[in-house]
Amino acid sequence: MQENNINHFRINKICCVGAGYVGGPTMAVIAKKCPNIIVNVVDINKNRIDDWNSEDLSKLPIYEPGLAEIIAETKNKNLFFSSEIDKCIEDADMIFISVNTPTKTEGIGAGQTIDLTWVEACARIISNKAKGYTVVVEKSTLPVKTAQTIKEILNSSRRDINTNNEKTFSVLSNPEFLAEGTAIENLVNPDRVLIGGDDNNSIQLLKDIYLNWVPENKIICTNLWSSELSKLTANAFLAQRVSSINSISAICEATGANIKEVSKAIGMDKRIGGKFLNPGPGFGGSCFKKDILNLVYLARYFRLDEVADFWEKVIILNNWQQNRIYKIIVEKLFGNVNGKKIAFLGFSFKANTNDTRESSAINIGNYLLKEGAKLSIHDPKVGFKQIEDAFLTIDQDRNNIKNSQWEKVSNIIDVFEGADAAVVLTEWSEYRNINWDKVANLMRKPAWVFDTRSIIERDKIINTGLNLWSIGLGF
Ligand code: UDX
Ligand code: ADP
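Scoring rules and cut-offs
All residue numbers refer to position in the chain's written sequence, counted from 1. Going through the entries in the order they are written, you letter the chains from A and number the ligands from 1. Under the rules for a predicted model, residues below a pLDDT of 70 receive no local features and side-chain atom pairs below 80 are neither given nor counted, while totals for whole chains, interfaces and linings still include all residues. With hydrogens and water set aside, each side-chain value is computed from the structure's full complement of heavy atoms. Within this document, salt bridges are pairs made up of a side-chain nitrogen of Lys or Arg and a carboxyl oxygen of Asp or Glu, the two lying within 4 Å of each other. Strands here are runs of E lasting at least two residues and helices are runs of H or I lasting at least four, both read from the DSSP assignment and numbered beginning at the N terminus. To sort residues, take the accessible area from a 1.4 Å probe on protein chains only and compare it with the maximum for the residue type: under 20% means buried, over 50% means exposed, and anything in between is partly exposed. Throughout, near means a residue has at least one heavy atom within 4 Å of the molecule or strand. What qualifies as a polar contact is a pair of N or O atoms within 3.5 Å, subject to a donor-acceptor requirement within protein and to the restriction that residues adjacent in sequence count only when both atoms come from side chains. Throughout, the Shrake-Rupley method with a 1.4 Å probe supplies accessible areas, and for residues the shown protein chains are the sole cover considered. Just so you know the grouping, Ala, Val, Leu, Ile, Met, Phe, Trp, Tyr, Cys and Pro go in nonpolar, Asp, Glu, Lys and Arg go in charged, and all remaining residues, Gly too, go in polar.

Some remarks on the pattern of salt bridges
Two side chains with opposite charge may pair up if their charged atoms get near one another. Evaluation of the coordinates by the stated rule reveals 23 salt bridges. Between lysine 32 and glutamate 73 there is a salt bridge, with the nearest N and O atoms lying 3.2 Å from each other. Of this pair, lysine 32 sits in helix α1 (residues 23–33) while glutamate 73 sits in helix α3 (residues 67–74), placing them 41 residues apart in sequence. Residue lysine 385 pairs with aspartate 389 through a salt bridge whose shortest N-O separation is 2.9 Å. Of this pair, lysine 385 and aspartate 389 both sit in helix α14 (residues 384–394), separated by four residues, roughly a single helical turn. Since its relative accessible area comes to 52%, lysine 385 is described here as exposed. On the basis of relative accessibility, which here comes to 32%, the residue aspartate 389 falls in the partly exposed class. If you follow the salt bridges from partner to partner, you end up with Arg300, Asp305, Asp309 and Glu312 in one network.

What follows is the structure in structure tokens.
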């Protein structure tokens, strides 16, 4: 419904620009919880839209537990995936911006701040195509003050070129806190919903959508900048916890302490809390590194160098953790992995997602490939092409990667055949239940298991003749 009288305005049609890991699941849950609202999700990537529209739900572009069921319930009822971007924007009362926000690779702020190319393109098309009054919601995580940029672009075209009718916009920040692998659970039962804005009417319109399933006391309304900064800060704090526990994992290995015991002992202190204390191969995912880099950039911009240095160390520690795991693997294999087969158990950045962005498996794999190792990679949800693309993002020399030899294996048993080592990189549940007696017979001795997630029970390995190194314990 397009109306200029904002007080009587109701949200009947939503358009989400960007059908990715955030846009897809978020809109699916909104469609499920608000059956009276039409939700159109658009994307410039036609293949992605085709995959969302596929009858075969195993072909959805994103793997998330519980997502396929919601898509089956809502798709083509009040949830639509479309490539008709202009039309869906024209029709929408509320538009969510949920497009790519990668780190800049060239120019001012390269390697630190976010490349706003996609957000800006999106704002421009909304500015041109939207009609009447439209609420524009930042869903993607963005640098603080991006809402100002979006406002300026939107307000550059105040009249519809065809009808000369006035158009007006309100901009809100509504960062998404979902974690991949638990996206549906997080969306259905969020810890909080954060809405930042400076116009109470539009804040109420968005709040009314969430009130369909989120208790009012969990909906926090702030100014725009607090909302944008809160998202960066939440991710920075979470990532900092992972780097903190990973730093202690190295001390455990050196001293004979056990990281699991230490995590438990500190986590029982209510002030610390027990979550996000699992050691690992370093955090991955599209958000943590990018958001911290952004925070660092912001701090440096305001000449807060000590603040910038403090947060930068979280990333430095993360890189160091990946690097030290690679070095341990090489060292245990007599300082030489040239021509040796190494099985990778898992390639996604965490369990229950097919996302490989910033996965530690990429860097650790790349280091080993450069040493001449042959990687045999298993992952229940990540395909060959994704792995190839992931390696190419950090090493553009395609021949180098091809010659280095890696393979993607579907049957988990095949990765162990003749392998000198197996490295557990993702905590997929199936890796907890491997029959190590059977596997030990397939590997070339002396063989090693490197458990970077600390999910393998030592008792299950020691009698098989395999050597086991576990994160935060060593050996
Ligand atoms: C994160 C935030 O949790 C989420 O709120 C935000 O919206 C997006 O970024 P995500 O990246 O999907 O979500 O996954 P998360 O569960 O936070 O894990 C990030 C990385 O940290 C993963 O590589 C994970 O394996 C690692 N991690 C997490 C650990 O190594 N140990 C832990 O204890 C927790
Ligand atoms: P996220 O994890 O933030 O959801 P993704 O990369 O998974 O990020 O998804 C972002 C999506 O946004 C991609 O599918 C991309 O094709 C889409 N996109 C980027 N720019 C535009 C645009 N101007 N119009 C429509 N879709 C866009």
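Focus: the site of ligand 1
In the vicinity of ligand 1 lie 19 residues, with Phe177, Glu180, Lys231, Lys350 and Arg453 positioned nearest. Interatomic distance of 3.3 Å between a backbone N/O atom of leucine 277 and an oxygen atom of ligand 1. Backbone polar atom of glycine 284 to an oxygen atom of ligand 1: 2.9 Å apart, as the coordinates give it. Out of a free accessible area of 660 Å², ligand 1 has 91% covered by protein chains. Per-element accounting of the shell around ligand 1 gives the leading share, four residues, to helix α9 (residues 224–255). Looking at the shell around ligand 1 residue by residue, the class counts come to 11 nonpolar, three polar and five charged.

Quick look at the site of ligand 2
The environment of ligand 2 is formed by 15 residues, the closest being Val22, Asp43, Arg48, Asn100 and Arg357. Separating an oxygen atom of ligand 2 from a side-chain N or O atom of asparagine 100 is a distance of 3.2 Å. Side-chain polar atom of arginine 357 to an oxygen atom of ligand 2: 2.9 Å apart, as the coordinates give it. Computed on the free molecule, ligand 2 has an accessible area of 580 Å², of which 88% lies beneath the protein chains in the complex. Considered class by class, the residues forming the shell around ligand 2 number seven nonpolar, five polar and three charged.

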